[in-house]
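Read off the chains here:
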Amino acid sequence: QIHLVESGGGLVQAGGSLRLSCAASERTFGDFGWGWFRQAPGKGREFVASITYDGETARYADSVKGRFTISRDNADNTVRLQMTDLKPEDTALYYCAMGWKTATPFDVDYDYWGQGTQVTVSS
């Protein structure tokens, strides 16, 4: 079983930046995708960004487009989310995910999930 471990969350003022990282417990070969999702209190899990295993295609939610950047490094089995110009509405528990389908915006398409890391953006 593949386990994902996240890090990088924290408290930041609006307009600030954070970088989230997620490492898989074992190297994965072949066609797979990475995703980042977030969940705020009282809200459902929301798609943030995804990227294909080869890094050729990245997808972003409209709410974060132009502010967040997803990247991956297959050599160390990691995916990262660079977040800039953070807004209070970005406050949520952020999850990384990995799946055997091409990276999609749908949480049901992913097979493995991290434990979540909290991002809190103050006004």
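Since the model is a prediction, treat every value here as computed from it, not as a measurement. (Residues numbered from 1 in each chain as written. Predicted model: local features only at pLDDT ≥ 70, side-chain atom pairs only at ≥ 80, totals over all residues. Heavy atoms only, no water.)

J.: In this structure, what is going on with the sheet that holds strand β1 (residues 4-7)? I would like to understand it.
T.: Hydrogen bonds between backbone groups are what pair the strands of a sheet, and the pairing can be parallel or antiparallel. Pairing within the open sheet is antiparallel, and its 4 strands lie in the order β1-β3-β8-β7. Only two strands of the sheet have a single neighbouring strand rather than two, namely β1 and β7 (68-73). When the angles between neighbouring strand axes are averaged without regard to direction, this sheet yields 15 degrees. Note: β1 against strand β3 (residues 18-24), 4 bridges, orientation antiparallel. Each bridged residue has a counterpart across the sheet, and for S7 the counterpart in β3 is S21. (Pairing = 2+ DSSP bridges. Helix = DSSP H or I, 4+ residues; strand = E, 2+ residues; numbered from the N terminus. Axes fitted to C-alpha atoms, helices over the stretch in contact; angles between N-to-C directions.)

J.: Explanation requested: unusual backbone geometry in the structure shown.
T.: Residues apart from glycine generally show negative phi values, whereas peptide bonds are mostly found in trans. Here the phi dihedral of N77 falls at roughly 60 degrees; this positive angle occurs in a residue that is not glycine. Taking the relative accessible area as the measure of exposure, N77 reaches 12% and is therefore buried. The backbone phi angle of D85 is positive, close to 50 degrees, even though this residue is not glycine. Within the fold, D85 resides in the loop between β8 (78-83) and β9 (92-99). Take D85: its relative accessible area is 37%, and that puts it in the partly exposed class. (Buried < 20%, exposed > 50% of the residue type's maximum accessible area, 1.4 Å probe, protein only.)

J.: Is there a simple way to think about the nonpolar core in this case?
T.: For soluble globular proteins, nonpolar side chains are generally found buried alongside one another. In terms of nonpolar packing, the biggest core is built from 33 residues, with L4, W34, W36, L81, M83 and Y94 touching the most fellow members. Looking at this core, the elements that each hand over two or more residues are β3, β4 (33-39), β5 (46-52), β7, β8, β9 and β11 (117-122). A total of 5 residues in this core trace back to one element, the largest contributor, which is β9. In this structure Y94 touches E6, L20, F37, R38, V48, F68, L81, M83, G116, T117 and V119, once residues within four positions along its chain are discounted. (Core = buried A, V, L, I, M, F, W, Y, C linked by side-chain atoms within 4.5 Å. Contact = heavy atoms within 4.5 Å.)

J.: What am I meant to see in the state of the cysteines here?
T.: Covalent bonding between the sulfur atoms of two cysteines is what defines a disulfide. Per the stated rule, a full pass over the model turns up 1 disulfide. Covalent S-S linkage joins C22 and C96, the inter-sulfur distance amounting to 1.9 Å. Between C22 and C96 the sulfur-sulfur dihedral comes to about 45 degrees; the bridge is accordingly right-handed. Residue C22 is found in strand β3, and its partner C96 is found in strand β9; the two are separated by 74 residues along the sequence. For the pair shown, C22 and C96 are each scored as buried. (Disulfide = S-S within 2.5 Å.)

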